[in-house]
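Residue-level structure breakdown
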Protein chains: 2
Amino acid sequence: MPLNSDPIGFAHHDHASCVTDAVASVEARCIAAGLQFTPVRKRVFEILLEEHRALGAYEILDRLRDEGLGSQPPVAYRALDFLTKHDFVHKIERLNAFIACAHPHEVHTPAFLICRDCNAVAEAETNLTQGRLAQIASATGFIIERAILEAEGLCPNCIPKSEPA
Amino acid sequence: MPLNSDPIGFAHHDHASCVTDAVASVEARCIAAGLQFTPVRKRVFEILLEEHRALGAYEILDRLRDEGLGSQPPVAYRALDFLTKHDFVHKIERLNAFIACAHPHEVHTPAFLICRDCNAVAEAETNLTQGRLAQIASATGFIIERAILEAEGLCPNCIPKSEPA
DNA sequence: TGATATATGTCATAATATAACATATCAACC
DNA sequence: GGTTGATATGTTATATTATGACATATATCA
Ligand SMILES: [Zn+2]
Ligand SMILES: [Zn+2]
Ligand SMILES: [Zn+2]
Ligand SMILES: [Zn+2]
């Protein structure tokens, strides 16, 4: 299974400034909201940005341990709890893994496209108040607070490999 | 957290014949498709139907063990693999749990409404080829093979409790 | 019947996640 | 600046979810 190391929306990008930009953006939002963007939280966010792919909590913990920032699972899980709670990072339920938000501006409803071949994950924005799910909920009398939208399949880079001409 | 023991779409129903009907339906489909609906697979399906809620693999395994049908995790996971592969049962990724399909007829794309208060899960049918996710995939050149659609929130039965008049 | 695929029993372990509690740091107020 | 309550971290232990591996049994079909 080949690894796609740089997939935002499955297309390669510059990546030079995107890590520092995202960190600065989140730093500002934390200050504005009175949240503590502590060293561990910041480093976990940076690790996820640098990889631009979904990482398991224990992969992240390994990195933290190497860097002397914490060696026990709760350290990683607490940082991830904070980051996901504020939508700086999203959990991909299908993979039990985490990925930095690709829209580092405000609260939103992400949807993910997960490639089963290269494991790349692309994030798109959707709207909770529109769409089939909202219709169903409305008809049922259910109040949606959060939605998990994850599609599995083949990304544009991996389709050729799977469809031998 | 109160338990809703009988929620199909959050509404109570007769339940008298629904277990036997669903079992008979799946049994017929297995014969038609040349699949082996073995005792363990059948019993796991029945357990999920009887409960009408999402059960973890180890809850199911406990039941199997009590009944002398198997005591080791692979027994439960293999049966669940079979049942989910053929869409007789669905996995709720958010809960790491399994629920009997509420539409025991053919291949479909389920969407789930998960109540955070009573843990009831309702299944609705959606269409993979319509909707926002399909638009996004089409625009991206991504081929969706399977979609996970899970909404969390409050079911009609639990909204009153959470909104003190 | 014999060959092959499919399913089960079982032991062991991997992978993911949280409980609990002591200590440290921060934020706000006096 | 020191007190205090809230928030965050360090650490040990354990819970929960899931799979690998391999022997045995059962089903399917020529
Ligand atoms: Zn996002
Ligand atoms: Zn791919
Ligand atoms: Zn279904
Ligand atoms: Zn409810």
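Residues numbered from 1 in each chain as written. Chains lettered and ligands numbered in written order. Predicted model: local features only at pLDDT ≥ 70, side-chain atom pairs only at ≥ 80, totals over all residues. Heavy atoms only, no water.

The next point concerns helix H2 (residues 39-51) of chain B. All names here are of chain B. Taking 1.5 Å per residue, 13 residues should reach 18 Å; H2 reaches 18 Å between its end C-alpha atoms and fits that length. For H2, the elements touching its buried residues are helix H1 (18-33), helix H3 (57-66), helix H4 (73-85), strand E1 (89-92) and strand E2 (97-100). His52 sits one or two residues past H2 and shows a positive phi near 50°. (Helix = DSSP H or I, 4+ residues; strand = E, 2+ residues; numbered from the N terminus. Expected span 1.5 Å × (residues − 1). Contact = heavy atoms within 4.5 Å.)

A word on the protein's contact with DNA strand D. Around DNA strand D there are 15 residues in total, and Thr38, Gln72 and Arg78 of chain A together with Tyr58 and Lys91 of chain B lie nearest to it. Sugar and phosphate atoms represent 44% of those atoms of DNA strand D found within 4 Å of the protein. For DNA strand D, a phosphate oxygen lies 3.1 Å from a polar atom in the side chain of Arg41 of chain A. Interatomic distance of 2.6 Å between a side-chain N/O atom of Lys91 of chain B and a phosphate oxygen of DNA strand D. Within the residue set of the surface near DNA strand D, elements represented by two or more residues are helix H4 (73-85) of chain A together with H4 of chain B. Looking at which element gives the most residues to the surface near DNA strand D, the answer is H4 of chain B, with four residues. Looking at the surface near DNA strand D residue by residue, the classes come out as six nonpolar, five polar and four charged. (Near = heavy atom within 4 Å. Polar contact = N/O pair within 3.5 Å; in protein donor to acceptor, adjacent residues only side chain to side chain. Nonpolar A, V, L, I, M, F, W, Y, C, P; charged D, E, K, R; others polar.)

Residue and element names in this part refer to chain B. Taken together, the protein ligands of the zinc ion (ligand 4) are Cys115 (SG), Cys118 (SG), Cys155 (SG) and Cys158 (SG), with distances of 2.2 to 2.4 Å. Around the zinc ion (ligand 4), the four donor atoms are arranged such that angles at the metal cover 107 to 111°; this shape is classified as tetrahedral. Spacing between the donor residues of the zinc ion (ligand 4) along their common chain follows C-x2-C-x36-C-x2-C. Across this residue pair, the class does not change: Cys155 and Cys158 are buried. (Donors = N, O, S within 2.8 Å, 3.2 Å for Na, K, Ca; no water. Tetrahedral: all angles 85-135°; square planar, octahedral: opposite > 155°, others 65-115°. Buried < 20%, exposed > 50% of the residue type's maximum accessible area, 1.4 Å probe, protein only.)

Bringing the coordination of the zinc ion (ligand 3) into the picture now. All names here are of chain B. The zinc ion (ligand 3) binds to the protein through His90 (NE2), Cys101 (SG), His108 (NE2) and Glu123 (OE); the donor distances cover 1.9 to 2.2 Å. Taken together, the four donor atoms surrounding the zinc ion (ligand 3) define angles of 101 to 128° at the centre, an arrangement classified as tetrahedral. In the primary structure, the donors to the zinc ion (ligand 3) are separated according to the pattern H-x10-C-x6-H-x14-E. Of this pair, His90 sits in strand E1 while His108 is found in the loop between E2 and strand E3 (109-115), placing the two residues 18 residues apart along the sequence.

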